[in-house]
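Tertiary structure, described
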Amino acid sequence: MPDVKYVSSYTHPYGMNYVKVEAVSLVTGLNGTGSDPPPTPQRALLLDEMKRREVANPNEILASPSTSMVLVRAFLRPGIQVGDKFDVEVRTPSGSETTSLRNGWLLSTRLSEMAVLDQQVHEGHVLGMAEGAVLVDPTADPKKDQVLATRGRILSGGVATKARPLGLVINQQHQSVRISQDIAHSINKRFFTFVDGRKQGVATPKTAEFIDVVLHPRYHDNIGR
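Residues numbered from 1 in each chain as written. Predicted model: local features only at pLDDT ≥ 70, side-chain atom pairs only at ≥ 80, totals over all residues. Heavy atoms only, no water.

Turning to helix H1 (residues 41–52), a few remarks are in order. Spanning 12 residues, H1 covers 16 Å between terminal C-alpha atoms, matching the ideal 16 Å at 1.5 Å per step. Along H1, the residues that are buried comprise Arg43, Leu45, Leu46, Leu47, Glu49 and Met50. Looking one or two residues beyond H1, the residue adopting positive phi is glutamate 54, at roughly 60°. (Helix = DSSP H or I, 4+ residues; strand = E, 2+ residues; numbered from the N terminus. Expected span 1.5 Å × (residues − 1). Buried < 20%, exposed > 50% of the residue type's maximum accessible area, 1.4 Å probe, protein only.)

What follows is the structure in structure tokens.
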């Protein structure tokens, strides 16, 4: 029996992790359950965003009981493409006096990777946008369970603005231009797509250690496969 060599013996996948994206934003349309957020780095970040969008009287809007500052979070799945939808989580920050987000509407929000350094919030590249009606657990009673009442989800409320690349990283002991090309050729003999009516392989050898892999439409909802 011939010695069969598998792609998995030479490479390991790249881009199979979930990426967390976040933002500080504003929920409107609340029935008097909102609050004026305290002076925090998150409030400063939201004010900067409102000024960037040329919102008039931003401090007055934040002070309205019909609005609430919120923290927005989502997880971008592996291989997500531009225009793909994803769910979004919304919650009030600690110290907020907002009692409920029910019936709220999240304004258009830019989502990016975020980090707090030296008590300042730093943002990465924008990877998605989010907006929509906030769904709160219908059993949540603001008087008995304020935590549950101040958390919600926006189903399919996020839209990816940048595709997440997938690929294969060639193991260090096998790295070479020839092996990179051979692996890509083997993959393309089995998997291909059509671009402008022309047949095209899904794998492109970029360097001696990395092969770019285009997501085949058949596996759009089954990245693990």
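Having seen the model, we can carry on.
Attention now moves to the sheet that holds strand S8 (residues 166–170). Ordered by their spatial adjacency, 4 strands build an open sheet running S1-S8-S12-S11, and the pairing between neighbours is antiparallel. Of all the strands in the sheet, just strand S1 (11–14) and strand S11 (203–205) have a single pairing partner and so form its edges. Going across the sheet, the axis of each strand differs from the next one's by a mean of 25°, ignoring polarity. Along the sheet, helix H4 (residues 177–190) makes contact with S1, S8, S11 and strand S12 (210–213), crossing S11 at roughly 170°. (Pairing = 2+ DSSP bridges. Axes fitted to C-alpha atoms, helices over the stretch in contact; angles between N-to-C directions. Contact = heavy atoms within 4.5 Å.)

One finds Val27, Phe86, Val88, Val90, Leu101, Leu106 and Leu111 to be the most contacted residues of the largest nonpolar core, which totals 24 residues. Elements with a minimum of two residues in this core: strand S2 (19–28), strand S3 (68–76), strand S4 (85–91), strand S5 (105–117), strand S6 (120–133) and strand S7 (151–160). Setting aside anything within four residues of it in sequence, one finds valine 27 in contact with Ser66, Thr67, Ser68, Val70, Val90, Leu101, Gly104, Trp105, Leu106 and Val134. Among the nonpolar cores identified, the runner-up in size contains 10 residues, and Leu168, Ile179, Ile183 and Ala184 belong to it. (Core = buried A, V, L, I, M, F, W, Y, C linked by side-chain atoms within 4.5 Å.)

Turning our eyes to something else, we now look at the pairing of strand S10 (residues 198–201). Sheet topology places strand S9 (residues 192–195) next to S10; 4 bridges connect them, and they run antiparallel. In the strand pairing of S10, valine 195 is matched with arginine 198. The loop that links S9 with its antiparallel partner S10 comprises 2 residues; one of these, aspartate 196, has a positive phi angle of about 55°.

Moving on to unusual backbone geometry. Peptide bonds are mostly trans, and most non-glycine residues show a negative phi. At glutamate 54, a residue that is not glycine, the phi angle is positive and equals roughly 60°. Residue position: glutamate 54 is located in the loop between H1 and helix H2 (58–63). Within the chain, asparagine 103 stands out as a residue other than glycine whose phi angle is a positive 70°.

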